[in-house]
Amino acid sequence: WLFIGGICAHFYFVLAERVKGLFPGFLWLLFFYGPPGILFIRSLSGNTPVLAKDFVPSQLGWGWTFVPDLSSLWFWLFAIYTIFYYSAGVWAVFQWAAKKKQKQFQRQARLLVFFTGATVWMAFFSDIVLLSVSSLTPPLFNLVAPVWAVIVLYILYVTKNNFL
C-alpha cells in the first residue's frame, strides 16, 4: 500500500491531462514513485515496517492489526506523502473539470473528488486515529480501497459511455 498515493495521483494527473506538460522526459516517474520507493526500501531494510511498531490480534477477532508508530519520522513522512499526493491528484481533476464545458466531465470530477476525499478521510480515521487508541478492528482501508477503486472505474466507465 505504500505506492497507492503515487498511483492515484498519477492516474488523476493523466486523467486531467497534466502529466505531459508538467514534467520533462521521465521526471514524472521520479515525482510520482520516488517518495513511495524510498519508503518501500526503508520498509524492506528496517527492523519494522514504516507504519507499525507492533502487530496484535484485533479485539473483535477479525484478524491481525497493527499499532501505529506515532513517534516514527517515517510514519509521518508516509502520512504527509499520502495526503499530499491524494490532494494534488484531486486538485488536478478539479482544475481540469473547471476548464471543461461538458456537464458530464464536471459531474465526473465532483464524484471523483467526493469519493476520493471520503476514502482518504475514512482511511486516516480508521488506520491512524482509531488504531492509535484501540486494536478493536484491523485497518479498514484494506477493505475500502478495492471498493473505492471499483467506484472510480465505474464513474469513468459511465462518463465515457455518456450515461452520466
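The structure this text deals with has already been given above.
Structure report, in brief. By convention here, each chain's residues receive numbers from 1 onward along its written sequence. Two thresholds apply to this predicted model, a pLDDT of at least 70 for residue-level local features and 80 or more for giving and counting side-chain atom pairs, whereas whole-chain, interface and lining totals are computed over all residues. Hydrogens are left out, water is left out, and the side-chain values use all remaining heavy atoms of the structure.

### As for the overall build of the protein
No. 1: Comment: elements are numbered from the N terminus, with helices defined as DSSP H or I runs of at least four residues and strands as E runs of at least two. Of regular secondary structure, the protein possesses six helices and two strands.
No. 2: Ordered by position from N to C terminus, the α and β elements of the protein give α-α-α-β-β-α-α-α.
No. 3: Taking the principal axes of the C-alpha coordinates as reference, the protein spans close to 50 × 35 × 20 Å.
No. 4: Residues classed as buried in the protein amount to 41% of the 164 residues present.
No. 5: Contact criterion: two residues are considered in contact whenever any of their non-hydrogen atoms come within 4.5 Å of each other. Within the protein, counting contacts between residues at least 6 apart in sequence, those at least 24 apart form 64% of the total.
No. 6: Put simply, the protein shows about 9,700 Å² of open surface, and 72% of that area lies on carbon and sulfur atoms. Throughout, exposure labels follow a simple rule: accessible area from a 1.4 Å probe, protein chains only, divided by the maximum for the residue type, with under 20% read as buried, over 50% as exposed, and the rest as partly exposed. Under the convention used here, a 1.4 Å probe and the Shrake-Rupley method define accessible areas, while residue burial counts only the protein chains that appear.

### Considering the pairing of strand E1 (residues 52-57)
No. 1: Inspection of the sheet shows E1 paired to strand E2 (residues 64-68) by five bridges, in the antiparallel sense. Directly across from Ala-52, in E2, lies its bridge partner Pro-68.
No. 2: Taking the residues between adjacent antiparallel strands as the criterion, E1 and E2 are bridged by six residues, where Gly-61 takes a positive phi near 80°. In this analysis, strands are considered paired if DSSP registers two or more bridges between them.

### Section: the environment of Phe-13
No. 1: Looking at where Phe-13 falls in the secondary structure, it is placed in helix H1 (residues 4-15).
No. 2: The spatial distance from the C-alpha of Phe-13 to the C-alpha of Ala-92 is 6.1 Å, given a sequence separation of 79 residues.
No. 3: Excluding residues that lie within four positions of it along the chain, Phe-13 makes contacts with Arg-18, Val-19, Leu-22, Phe-32, Ala-88, Gly-89 and Ala-92.

### Overview of the environment of Phe-31
No. 1: Along the chain, the position of Phe-31 falls in helix H3 (residues 27-45).
No. 2: Exposure remark for Phe-31: the relative accessible area of 25% places this residue in the partly exposed category.
No. 3: The spacing of Phe-31 and His-10 is 21 residues in sequence and 9.2 Å in space, taken between C-alpha atoms.
No. 4: In this structure, Phe-31 is in contact with Phe-23, Phe-84 and Tyr-85, ignoring residues within four places of it in sequence.

### Details of unusual backbone geometry
No. 1: At Glu-17, a residue that is not glycine, the phi angle is positive and equals roughly 60°.
No. 2: With respect to the helices, strands and loops of the structure, Glu-17 is situated in the loop between H1 and helix H2 (19-22).

### Remarks on helix H5 (residues 103-133)
No. 1: To estimate the expected span of a helix, subtract one from its residue number and multiply by 1.5 Å. The first and last C-alpha atoms of H5 sit 44 Å apart over 31 residues, in line with the 45 Å expected at 1.5 Å per residue.
No. 2: By the largest-angle criterion, Phe-125 marks the main kink of H5, which is about 25°. We define the bend at each residue as the angle formed by axes fitted to the 7 residues ending at it and the 7 residues starting at it.

### Points about a nonpolar patch on the surface
No. 1: Only residues above 30% relative accessible area that lack a salt bridge enter a patch, with like-charged residues linked at up to 9 Å and the nonpolar side chains Val, Leu, Ile, Met, Phe, Trp and Tyr linked at up to 5 Å. Any Lys or Arg side-chain nitrogen found within 4 Å of a carboxyl oxygen on Asp or Glu counts as a salt bridge. Taken together, the side chains of Phe-40, Ile-41 and Leu-44 make up a nonpolar region of the molecular surface, amounting to roughly 330 Å² of accessible area.
No. 2: Examined against the element boundaries, Ile-41 turns out to sit in helix H3.

### Overview of the packing of aromatic side chains
No. 1: Working definition: a ring pair exists when centres of Phe, Tyr or Trp rings (six-membered ring for Trp) sit within 6.5 Å. Plane angles under 30 degrees give stacked, over 60 give edge-to-face, the rest tilted. Across all of its chains, the model carries 14 aromatic pairs by this definition.
No. 2: Consider the rings of Trp-96 and Phe-105, whose centres lie 5.4 Å apart with planes at 65°: the pair is edge-to-face.
No. 3: Trp-96 gets classed as buried once you look at its relative accessible area, which sits at 6%.
No. 4: Taken together, a centroid distance of 5.2 Å and an interplanar angle of 75° make the contact between Phe-114 and Phe-115 edge-to-face.
No. 5: We count a charge as sitting over a ring when the NZ of a lysine or the CZ of an arginine lies within 6 Å of the ring centre and within 35 degrees of the ring normal. Residue placement shows Lys-100 over the ring face of Phe-105; its charged tip is 5.6 Å from the ring centre.

### Describing the packing of H3 against helix H4 (residues 73-99)
No. 1: Packing of H3 against H4 brings their axes to within 11 Å, and their N-to-C directions diverge by 155°. Judged by the angle between their axes, H3 and H4 are roughly antiparallel. Note on packing geometry: the crossing formed by H3 with H4 is left-handed. Within the contact between the two elements, H3 uses Phe-31, Phe-32, Pro-35, Pro-36, Ile-38, Leu-39 and Arg-42 and H4 uses Trp-74, Phe-78, Tyr-81, Phe-84 and Tyr-85.
No. 2: Residues are grouped as follows: nonpolar covers Ala, Val, Leu, Ile, Met, Phe, Trp, Tyr, Cys and Pro; charged covers Asp, Glu, Lys and Arg; every other residue, Gly included, is treated as polar. Considered class by class, the residues forming the contact of H3 with H4 number eleven nonpolar, no polar and one charged. Axis angles are defined between N-to-C directions and span 0 to 180 degrees, where every axis is a line fitted to C-alpha atoms and, for a helix, only to the segment in contact. By definition in this entry, angles of less than 35 degrees are roughly parallel, angles greater than 145 are roughly antiparallel, angles of 65 to 115 are roughly perpendicular, and the rest are oblique. Left-handed describes a crossing in which the near helix is turned anticlockwise from the far one by less than a right angle; the clockwise case is right-handed.

Treat this as a map of the structure, not an account of what it does.
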